[in-house]
Amino acid sequence: MMVTTLPLVLVPLALVLILSSWLAGAYIKTLILERLDYSNEQINDRFAHFTDQMEDIMRRMIVNDDVQESLTQSAMSHGRQNRISGFLKLYNYGAIRDILYMDNRRNIIQTHEFSAATLQSISESHIQSRLSGTYAKQVWTFHEDDISGDEGQFLFVSRYVRHLDLDVDPGLLVFKIDPKILDDIFGYWIMVAGADYLLLDHDHRVVYHSTHPEWIGYPADSVLENREIMANLSEPQLPSAERSRYLFSRHVNRRTGWKILGVVPYRTAMHQLRRIQLIFYLIMVVAAMGTITVVYLTTIKFTEPIRDLEHAMHAFRDGKFDTRVTVKRKDEIGEMAKSYNLMADEISSLLDTIQKDQEALTAAELESLAYQINPHFLYNTLDNVHMLARTSDDDRITQLILSLTKFLRISLSKGHNVISLQDEFEHVENYLNIQRIRFGGTFDFRVNLDPEIAGLGIVKFILQPLAENSISHGFRNMETGGFVDILGRRVDGKIEIRVEDNGSGIDEETRAKLNRLSELSPDEILGAFPGGEGGYGVGNVVARLRIYYGKMFQLHYDEGETNGACCTLLFDELSADRL
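Residues numbered from 1 in each chain as written. Predicted model: local features only at pLDDT ≥ 70, side-chain atom pairs only at ≥ 80, totals over all residues. Heavy atoms only, no water.

The next subject is the overall build of the chain. Counting its regular elements, the chain contains 18 helices and 17 strands. For the chain, with 579 residues in total, the buried portion stands at 45%. Across the chain, contacts joining residues at least 24 apart in sequence account for 61% of those joining residues at least 6 apart. Accessible surface, the chain as shown: approximately 31100 Å² in total, 54% of it carbon and sulfur. (Helix = DSSP H or I, 4+ residues; strand = E, 2+ residues; numbered from the N terminus. Buried < 20%, exposed > 50% of the residue type's maximum accessible area, 1.4 Å probe, protein only. Contact = heavy atoms within 4.5 Å. Areas by Shrake-Rupley, 256 points an atom, 1.4 Å probe, with all protein chains shown as cover.)

Laid out in structure tokens, this is it:
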């Protein structure tokens, strides 16, 4: 009886197990292919975000006033070179190792790594050959640094710099990027074990390889064993597919034209299936000594977790982002469930962050709209108050309103960051007049500007913080008799601006700290006085001067003639063309 019933048990069981093994293999293969394509798509999105960042930085540099004006000038002044160099260095951080700019007169401005660049090395470089025939397009290349001779291969982003309004010869802008940034872009989304992720340039040369960095720089056809994949790299096709013995996913970056390729051997992808098949065969041996019921129940035990994972993924795809899988197993299926839960948590967190950021942005926009003020309405209102003050014969109110009106007019200055010295001195004079009335005449002041330099341009709001320090710190312990003296003149071919008071002065430690500010970078200057502590206003002034003038200015604090504080600003160059 046992002999006759044994085939009846084994044959259906074998058929069921073979069919289940085949279905599980097809399903897992589909899951792995989808996961490979998903991770490849996420890598492509991260790479696209990085290339968009580079494009945005390039656009900011191209529309910079000094860069644009350098394309129309017969010669580049030393001051403009310093300003452009300082502007480039503001963005020389992170993945960007170096930036080079060459105007249409072949003047080269670069940071330290491109210091060996020459006109000949630039004209003979890969970059020039790639840029040939392009108009206003960003070009990405990967090769050795044949501009400055730096060893190793780097990513280069280059673009012609054209004038926004005039038809003149273009300049050249080159970013040198550390290829290690690709480790961050690729590493986070490498989700399929045993898969190779590659980045290929226009010539199908390997720019990045996730498992074999020694193959970087080689042609893809010498790296990829499967010729069927190579034959399909340049043909339109679905992002992912099965090619003979490989699972394959490809995405093309829209800005660079480079291809992001994910390849996993079929046998590696099916490694999980072989373990499941082994478990099935063990179950078959046990079930042969039992009943078909045991086999059926055991099969259910192994298919339910996969079905749960499938339902969860479908629900997540349909927008139910709170769907999670209960992890009850410690094998590969349990690891897949954990990976799904981790992926779902991260995506949900990202969606929450995006939603909160959008809500904050909307609130900020509404608040910005709510606080917009029409300057003409404000001027007209102040003019009405001024007329009422004159009617009431109160000179102090009249003077206060006039000073406030002029103060606001110069503060707005039609959105310009650079104003004339005459407007800057008038601005601080109105400020001091308002403060003198506010504090009941406890101090007096004198503002004196040489008419010869009144038309030169300067970054606005430079003198007000310096004068404010005299009032808030210098006269803190004085009930009356304070005096602020502001002077602007030309001395030995340079422009000197001096703000002096007869207050309590500055201690030596703070004075030394202030006198070192002009030697620091803008970030270091703003970080020298954390939390808005004393000297923050002066630091803000020096940071803005450093951005606009580079190192062509000096700020120095001394003890004044009346034992107060004396701040001296000395400029190598100020000109009317800054207005």
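Moving on: the sheet that holds strand β15 (residues 494-501). Taken in spatial order, the five strands line up as β12-β14-β15-β17-β16 in an open sheet, and their pairing is mixed. The strands lining the two open edges of the sheet, one partner per strand, are β12 (443-449) and β16 (553-559). In this sheet, adjacent strand axes meet at a mean angle of 10 degrees when their direction is disregarded. Of the strand pairs in this sheet, β15 and strand β17 (residues 565-571) are connected by six bridges, and their pairing is antiparallel. Note on β17: the bridge partner recorded for valine 499 is cysteine 567. The strands touched by helix α15 (residues 463-474) are β12, β14 (482-491), β15, β16 and β17; relative to β15, the strand with the most contacts, the crossing angle is about 25 degrees. (Pairing = 2+ DSSP bridges. Axes fitted to C-alpha atoms, helices over the stretch in contact; angles between N-to-C directions.)

Among the nine residues in strand β4 (residues 153-161), eight count as buried, and that is most of the element. Inspection of the sheet shows strand β3 (residues 139-144) paired to β4 by six bridges, in the antiparallel sense. Looking at the pairing, glutamate 144 lines up with glutamine 153 of β4.

Once that is clear, we can look at the packing of aromatic side chains. Applying the stated rule across the entire model yields 10 aromatic pairs. Consider the rings of tyrosine 549 and phenylalanine 571, whose centres lie 5.5 Å apart with planes at 70 degrees: the pair is edge-to-face. Taken together, the positions of tyrosine 549 in helix α18 (residues 536-549) and phenylalanine 571 in strand β17 put the pair 22 residues apart, joining distant regions of the chain. Phenylalanine 571 shares its class with tyrosine 549; the two are buried. The rings of Phe47, Phe50, Trp140 and Trp258 are connected pair by pair, giving a single aromatic cluster. The ring of phenylalanine 154 has lysine 176 sitting right over it, with the charged end atom 4.3 Å from the ring centre. (Phe/Tyr/Trp six-rings, centres within 6.5 Å; stacked < 30°, edge-to-face > 60°. Lys NZ or Arg CZ within 6 Å of the ring centre and 35° of its normal.)

Outside of glycine, negative phi angles account for most residues, and trans bonds account for most peptide bonds. For histidine 204, which is not a glycine, the phi torsion comes out positive at approximately 60 degrees. Within the secondary structure, histidine 204 sits in the loop between β6 (196-200) and β7 (206-209). Assessed through its relative accessible area of 14%, histidine 204 is described here as buried. Here the phi dihedral of aspartate 492 falls at roughly 55 degrees; this positive angle occurs in a residue that is not glycine. Looking at where aspartate 492 falls in the secondary structure, it is placed in the loop between β14 and β15.

Further remarks concern the pattern of salt bridges. For the structure on display, the rule yields 20 salt bridges. For the salt bridge of aspartate 52 with arginine 254, the shortest nitrogen-to-oxygen distance reads 2.8 Å. Pair noted here: aspartate 52 is in helix α1 (residues 2-62) and arginine 254 is in the loop between β9 (246-252) and β10 (259-265), with a separation of 202 residues, a long-range link. Under the relative-accessibility criterion, aspartate 52 is labelled partly exposed at 24%. According to the relative accessible area criterion, arginine 254 is exposed, its value standing at 61%. (Salt bridge = Lys/Arg side-chain N within 4 Å of Asp/Glu carboxyl O.)

Below, the discussion takes up α15. Residues spaced three or four apart along an α-helix point in a common direction, a consequence of the helix completing one turn every 3.6 residues. The end-to-end C-alpha distance of α15, which contains 12 residues, comes to 15 Å, matching closely the 16 Å that a straight helix rising 1.5 Å per residue would cover. Considered for burial, the residues of α15 that qualify are Leu463, Gln464, Pro465, Leu466, Ala467, Ser470, Ile471 and Gly474. (Expected span 1.5 Å × (residues − 1).)

In this structure, Met61, Tyr101, Phe175, Ile177, Leu182, Phe186 and Leu199 are the most contacted members of the largest nonpolar core, which totals 45 residues. A per-element tally of this core places α1 first, with 12 residues. Filtering out sequence-adjacent residues up to four positions away, tyrosine 101 remains in contact with Val67, Ser70, Leu71, Met76, Ile84, Leu88, Asn107, Ile108, Ile109, Val161, Leu172 and Leu173. Of all hydrophobic cores here, the second largest spans 41 residues; its members include Leu421, Leu456, Leu514 and Ala528. (Core = buried A, V, L, I, M, F, W, Y, C linked by side-chain atoms within 4.5 Å.)

Further remarks concern the confidence of the model for the chain. Overall, the prediction assigns the chain a mean pLDDT of 77, with 71% of residues at 70 or greater. The low-confidence segment residues 1-6 (pLDDT under 50) makes one contact with residues lying over four places distant or belonging to another chain. Here residues 359-377 scores under 50 on pLDDT; set against residues more than four positions off or in separate chains, the count is two contacts. (pLDDT = per-residue confidence, 0-100.)

Position of leucine 172 among the secondary structure elements: in strand β5 (residues 171-177). When the C-alpha atoms of leucine 172 and leucine 100 are compared, they prove to be 8.0 Å apart, with 72 residues separating the residues in sequence. Not counting the four nearest positions on each side in its chain, leucine 172 is found in contact with Leu100, Tyr101, Met102, Ile122, Gln128, Leu131, Arg159, Tyr160 and Val161.

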